[in-house]
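Structure at a glance
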Amino acid sequence: MQTTSDDTARPRLPPGQRVRPDFPRFGIVAFARQKLPASGVRIEILGAIEHPLVLTAVELATLPRVTQRADFHCAAGWSHLSLEWSGFRFKDAWEQLILPKARPTAQIELVVLRCQDRYRTALPLADLLAADVLLADRLNGEPLTVEHGAPIRLIAPAHYGYKNAKHLSHLELRPDEHGYRAQVRLLDHPRARVAQEERGQFLPGWILRHAFRPCIEPIVRAIKAIGDSQRS
Ligand SMILES: Nc1nc2c(c(=O)[nH]1)N[C@H]1C(S)=C(S)[C@@H](COP(=O)(O)O)O[C@H]1N2
Ligand SMILES: [Mo]
């Protein structure tokens, strides 16, 4: 095995990732154009449940607040290291609010994450129950900005950025994958684990690594231009 001095000097990056010193607003360009409602936290629970349930800041504030540091890895190939997120564990929201109040009518395996900008993605419930998965409303000691997902977003550090749904508005509980169609089918891997390089569907991660990388700068620029025009 070969070791270089680099290996010890730098934190280890997952396969195929490159560090970015900035943390850009990123994602699907069309969704960045969507006008978001100027509202507080409002996460509606729907799907296989007995009782409709809406989680606002009031319900979430009954859960312990947790702060954690994590690296953020976009499937296009950039990583930003050591972000400090604060919010509530998804597991706590599930066990203390969703299970007792919404009362699922079946064994839930899939949770669809729907967002105010019409973006959606999904993760297996088992992945969402990991201790480092947060419903985050603060970043680096400040309230979350629109750029990074206000009023609240999912943070799942073991999964690529596209599972980290911004502007979260609905959690749809489903017994299984059956009948769920991914929105961005070429991209959205069912689990998208960074360590396994599950960048996307149908093609191995090490191929997609090269296909996605040239898209990074154009996307960063396009989304930044949208933000600038919305502010002016
Ligand atoms: N609602 C919503 N969430 C989203 C996206 C999006 O377009 N809309 N893009 C995803 C992608 S591809 C990435 S890499 C991250 C980027 O998060 P950031 O803008 O805070 O850097 O958000 C993810 N969550
Ligand atoms: Mo991404």
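Quick caveat: nothing in here was measured; it's all calculated off a predicted structure. (Residues numbered from 1 in each chain as written. Chains lettered and ligands numbered in written order. Predicted model: local features only at pLDDT ≥ 70, side-chain atom pairs only at ≥ 80, totals over all residues. Heavy atoms only, no water.)

1. Overview of the overall build of the chain
Helix and strand counts for the chain come out as seven helices and 11 strands. Taken along its principal axes, the extent of the C-alpha atoms in the chain is 55 × 50 × 35 Å. The proportion of buried residues among the 232 residues of the chain is 48%. Across the chain, every contact between residues at least 6 apart in sequence was considered, and the portion connecting residues at least 24 apart equals 70%. Here the chain displays about 11800 Å² of accessible surface, and carbon together with sulfur accounts for 55% of that area. Here the chain holds 32 positive side-chain charges and 25 negative ones, and the gap between their average locations is 5 Å. (Helix = DSSP H or I, 4+ residues; strand = E, 2+ residues; numbered from the N terminus. Buried < 20%, exposed > 50% of the residue type's maximum accessible area, 1.4 Å probe, protein only. Contact = heavy atoms within 4.5 Å. Areas by Shrake-Rupley, 256 points an atom, 1.4 Å probe, with all protein chains shown as cover. Lys, Arg positive; Asp, Glu negative; His and termini not counted. Charge placed at Lys NZ, Arg CZ, Asp CG, Glu CD.)

2. Some points on the packing of aromatic side chains
Aromatic ring pairs are reported here in terms of the distance separating the ring centres and the angle at which the planes meet. Summed over the entire model, instances satisfying the criterion amount to seven aromatic pairs. Ring geometry for Phe23 versus Phe72: centroids 5.3 Å apart, planes at 65°, classification edge-to-face. You can see Phe23 sitting in the loop between strand E1 (18-19) and helix H2 (29-32) and its partner Phe72 sitting in strand E4 (residues 65-73), a full 49 residues away along the chain. Consider the rings of Phe31 and Tyr119, whose centres lie 5.9 Å apart with planes at 80°: the pair is edge-to-face. Placement of Phe31 in helix H2 and of Tyr119 in the loop between strand E6 (110-115) and strand E7 (120-124) is noted, with a sequence separation of 88 residues between them. Aromatic rings pair up to connect Phe23, Phe26, Phe72, Trp78 and Trp85 into one cluster. (Phe/Tyr/Trp six-rings, centres within 6.5 Å; stacked < 30°, edge-to-face > 60°.)

3. Thoughts on the environment of Trp85
Looking at the element boundaries, Trp85 is found in strand E5 (residues 78-89). On the accessibility criterion, Trp85 (1% relative accessible area) is buried. Note: C-alpha distance between Trp85 and Ala106 (21 residues apart in sequence) is 32 Å. Apart from the residues within four sequence positions on either side, Trp85 is in contact with Phe23, Val66, Thr67, Gln68, Phe72, Leu134, Ala136, Arg138, Leu139, Leu144, Arg153 and Ile155.

4. Thoughts on the sheet that holds strand E11 (residues 168-174)
Strand order in the open sheet formed by five strands is E3-E2-E11-E6-E7, and the pairing between neighbours is mixed. Two strands bound the open sheet, and with one partner strand each, they are strand E3 (53-56) and E7. Each neighbouring strand pair of the sheet contributes to a mean axis angle of 20°, computed without reference to strand direction. Summarising the sheet, E6 and E7 pair through five bridges and their orientation is antiparallel. If you follow Leu113 over to E7, its bridge partner there is Thr121. Contacts from helix H4 (residues 90-102) reach strand E2 (42-47), E3 and E11, with the element oriented near 145° to E3. (Pairing = 2+ DSSP bridges. Axes fitted to C-alpha atoms, helices over the stretch in contact; angles between N-to-C directions.)

5. Overview of the pattern of salt bridges
Note on pairing: side chains with opposite charge can pair once their charged atoms come close. The final tally for this structure, using the stated rule, is 17 salt bridges. The residue Asp137 makes a salt bridge to Arg65 at a minimum N-O spacing of 2.9 Å. Taken as a pair, Asp137 in strand E8 (residues 134-139) and Arg65 in strand E4 lie far apart in primary sequence, 72 residues in all. What you see here is one network of salt bridges that share partners, running through Glu147, Lys224, Asp228 and Arg231. (Salt bridge = Lys/Arg side-chain N within 4 Å of Asp/Glu carboxyl O.)

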